[in-house]
Amino acid sequence: MKILLIGSGGREHVIAEAIARSRRDPELYAVMSRKNPGTAGLCKEFLIADESVDSVLPYARSKGIDVAVIGPEAPLALGLADALEDEGIPCLGPRLAPAQIELDKAWARMFMRRHGISGCPAFEVFEAGDFEGAHAFIEKLGDVAVKPTGLTGGKGVKVMGDHFEIKGAKEYTSELLRTGSVVIEENLKGEEFTVQAFSDGKTLAFAPAVQDHKRAYDGDKGPNTGGMGSYTDAGNILPFMREADYEEAKAIMRDTIKSIKEDVGAYKGILYGQFMITAKGIKVIEFNARFGDPEVMNILPLLRTDFVDILSAVADETLFDLNVEFTRLATVCKYAVPAGYPENPVKDTVVEIGDIGDATFFYSSVYEQDGVVYTTGSRAIAVVGASQTIAEAEKIASHGLAGIHGDLVARSDIGTAALIDKRIRHAAEMRGS
Ligand code: AMP
Ligand code: GLY
């Protein structure tokens, strides 16, 4: 079996490792925009090129690829899954129409409303130029999150309290409405968790719940980032969750897949649901059409089922027939990021991997040149500890971090008892207990 992996980040290094563990002895190929040394080392061959249809399709043809795995969302937005599948190459990664669940936040919310999918916050979509309507709705809700609907060129979701107050929310909305449409929604308060699942369009195979840490510095301070680290417990739920929260999240994701199929066709790929436990129950923050980074680092290393069997089952729509299992261990992932990240990160500095003990690591936004690994300015190396308890996994990850050398920093509090107790108290407060 010849597998093509698209993407150059940490997510793809983790996926490459899962493929390399397969008992079916697959041949791995990759197309990546820069040379990720982790992924490169696991490939039979790779191409350094942009992750566009024009680069990937001829390469896939020339290598006789059987199945493709599309890691990031950008190539999904270019219709790469459509192009490959139309050539007879099945993909883990949805076609353009179902991928709208991530690519267009207005589409995602309208879709939830149309199908009565549970967990949708109060929201409205405003078209470019509708300043009055948007401002009136901000006044009405009083406390809002502002989301540009399409590709944003660095301008993303902003939330009142975190980024601005009501005046700032209106200003930001006006700025966005000059060029595009905007979703205004109720500002949800609570404790967040992520559930990731494989989908063949009909059946979902779920991974354990993960919690990411968006803020740059200890104590959830500082600017938002791509995610500084994440953890899982030795089971499907996190210490602040109830079994019913996980079941409800799964039911929402199942409804989503079913309704997407009715609307725009089968969703074949990874469905990532980000949820919040609020005073009014489980709410959906957003869906993504790919694994989370870092959330994938917590789950794929523990995947017991052969990844290549999953790829076959997704292609054949037989996921119902496959038992997708994860080893029951707690994990803690911590990201080593360039000093100054995310606002003024150092770039092109050398990274060296020393003794990381029992931890494992994944290369993320780094590149290799002449055998030396350099930072890009984004998150560099993910270090993962796995053990019976979160506390033990945290110790392994922290010890591992000490073995990663370079002009790098990391959060020290992710996975610690103090931070987890804070999450437990917060979730309990939300539930009014
Ligand atoms: P995104 O850029 O889409 O990943 O969203 C960034 C972050 O914004 C999410 O991780 C949430 O923490 C936050 N967020 C998104 N929507 C809401 C909402 N309706 N209420 C509160 N926070 C939100
Ligand atoms: N860690 C959040 C994401 O991958 O979108």
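Rules used throughout
- By convention here, each chain's residues receive numbers from 1 onward along its written sequence.
- For naming, the first written chain is A and the first written ligand is 1, with later ones following in the order written.
- The model is predicted, so local features are restricted to residues of pLDDT at least 70 and side-chain atom pairs to those at 80 or more, both for listing and for counting; the totals for chains, interfaces and linings are taken over all residues.
- Remark: hydrogens and water are excluded; side-chain values derive from all non-hydrogen atoms of the structure.
- Note on pairing: two strands pair once DSSP finds at least 2 bridges between them.
- A run of DSSP states H or I qualifies as a helix once it reaches four residues; a run of E qualifies as a strand once it reaches two. Both are numbered from the N-terminal end.
- Contacts are assigned to residue pairs that have any heavy atoms within 4.5 Å of one another.
- With axes taken as lines fitted to C-alpha atoms, and helix axes fitted only over the stretch in contact, angles between N-to-C directions fall between 0 and 180 degrees.
- Categorising residues by exposure relies on relative accessible area from a 1.4 Å probe, with only protein chains included: less than 20% of the type maximum marks a residue as buried, more than 50% marks it as exposed, and the intermediate range marks it as partly exposed.
- Polar contacts, as used here, are pairs of N or O atoms within 3.5 Å; protein pairs need one atom able to donate a hydrogen and one able to accept it. Residues neighboring in sequence count only if both atoms are side-chain atoms.
- Residues are counted as near a molecule or strand when any one of their heavy atoms sits within 4 Å of it.
- Each accessible area is a Shrake-Rupley result for a 1.4 Å probe, and residues are judged covered by the shown protein chains and nothing else.
- In this classification, the charged set is Asp, Glu, Lys and Arg, the nonpolar set is Ala, Val, Leu, Ile, Met, Phe, Trp, Tyr, Cys and Pro, and all remaining amino acids, among them Gly, are polar.
- Pairs were defined over the aromatic rings of Phe, Tyr and Trp, the Trp ring being its six-membered one, requiring ring centres within 6.5 Å. Orientation was assigned from the angle between planes: stacked under 30 degrees, edge-to-face over 60, tilted for the rest.

### Considering the sheet that holds strand E4 (residues 67-70)
- Read from one edge to the other, the open sheet built from 5 strands follows the order E3-E2-E1-E4-E5, with strand pairing classed as parallel. Edge positions in the sheet fall to strand E3 (45-48) and strand E5 (91-92), since each of these pairs with one other strand and no more.
- Pairing of strand E2 (residues 27-32) with E3, which is carried by 4 bridges, proceeds in the parallel orientation. When the sheet's bridge partners are listed, Ala30 is paired in E3 with Phe46.
- The sheet contacts of helix H1 (residues 10-20) involve strand E1 (2-6), E2 and E4, and relative to E1 the element is tilted by about 165°.

### Some words on the side chain of Thr149
- Secondary-structure assignment places Thr149 in the loop between strand E7 (144-148) and strand E8 (158-159).
- Classification of Thr149 as buried rests on a relative accessible area of 9%.
- Of note is the side chain of Thr149, whose polar atom sits 2.8 Å from the side chain of Ser181.
- Every residue in contact with Thr149, bar those within four places of it in the chain, is listed here: Leu103, Asp104, Lys105, Ala106, Ser181, Val182 and Val183.

### Here we look at the side chain of Ser55
- Mapped onto the elements, Ser55 comes out in helix H3 (residues 53-63).
- A distance of 2.4 Å separates polar atoms of two side chains, one belonging to Ser55 and the other to Asp50.
- Those residues in contact with Ser55 that lie beyond four places of it in its chain are Leu47, Ala49 and Asp50.

### Concerning the sheet that holds strand E6 (residues 123-126)
- Pairing within the open sheet is antiparallel, and its 4 strands lie in the order E6-E9-E7-E8. The open sheet has two free edges, formed respectively by E6 and E8, since each of these has just one partner strand.
- Bridge count for E7 against E8 is 2 bridges, and the pairing is antiparallel. The partner of Val146 across the bridge, within E8, is Lys158.

### Quick notes on the site of ligand 2
- With respect to spatial proximity, the complete set of residues near ligand 2 consists of Asp212, Lys214, Gly226, Tyr272, Asn288, Arg290, Gly292, Asp293, Pro294 and Glu295.
- Within the side chain of Asn288, a nitrogen or oxygen atom sits 3.4 Å from an oxygen atom of ligand 2.
- Taking Glu295, its side chain carries an N or O atom lying 2.8 Å from a nitrogen atom of ligand 2.
- For ligand 2, whose accessible area on its own is 200 Å², the fraction buried by protein is 90%.
- Taken together, the residues that form the shell around ligand 2 break down as 2 nonpolar, 3 polar and 5 charged.

### Focus: the packing of aromatic side chains
- Enumeration according to the criterion identifies 8 aromatic pairs in this entry.
- Centroid distance Phe198 to Phe291: 5.8 Å. Interplanar angle 85°. Geometry classified as edge-to-face. Note that Phe198 is positioned in strand E10 (residues 191-200) and Phe291 in the loop between strand E17 (281-288) and helix H11 (295-299), a separation of 93 residues in sequence. Each member of the pair, Phe198 as well as Phe291, carries the same accessibility label: buried.
- For the pair Phe361 and Tyr363, a centre-to-centre distance of 5.0 Å together with 80° between the ring planes defines the contact as edge-to-face.
- By relative accessible area, which is 22% here, Phe361 ends up partly exposed.
- The class for Tyr363 is buried, based on a relative accessible area of 13%.

Honestly, it's all geometry; don't read function into it.
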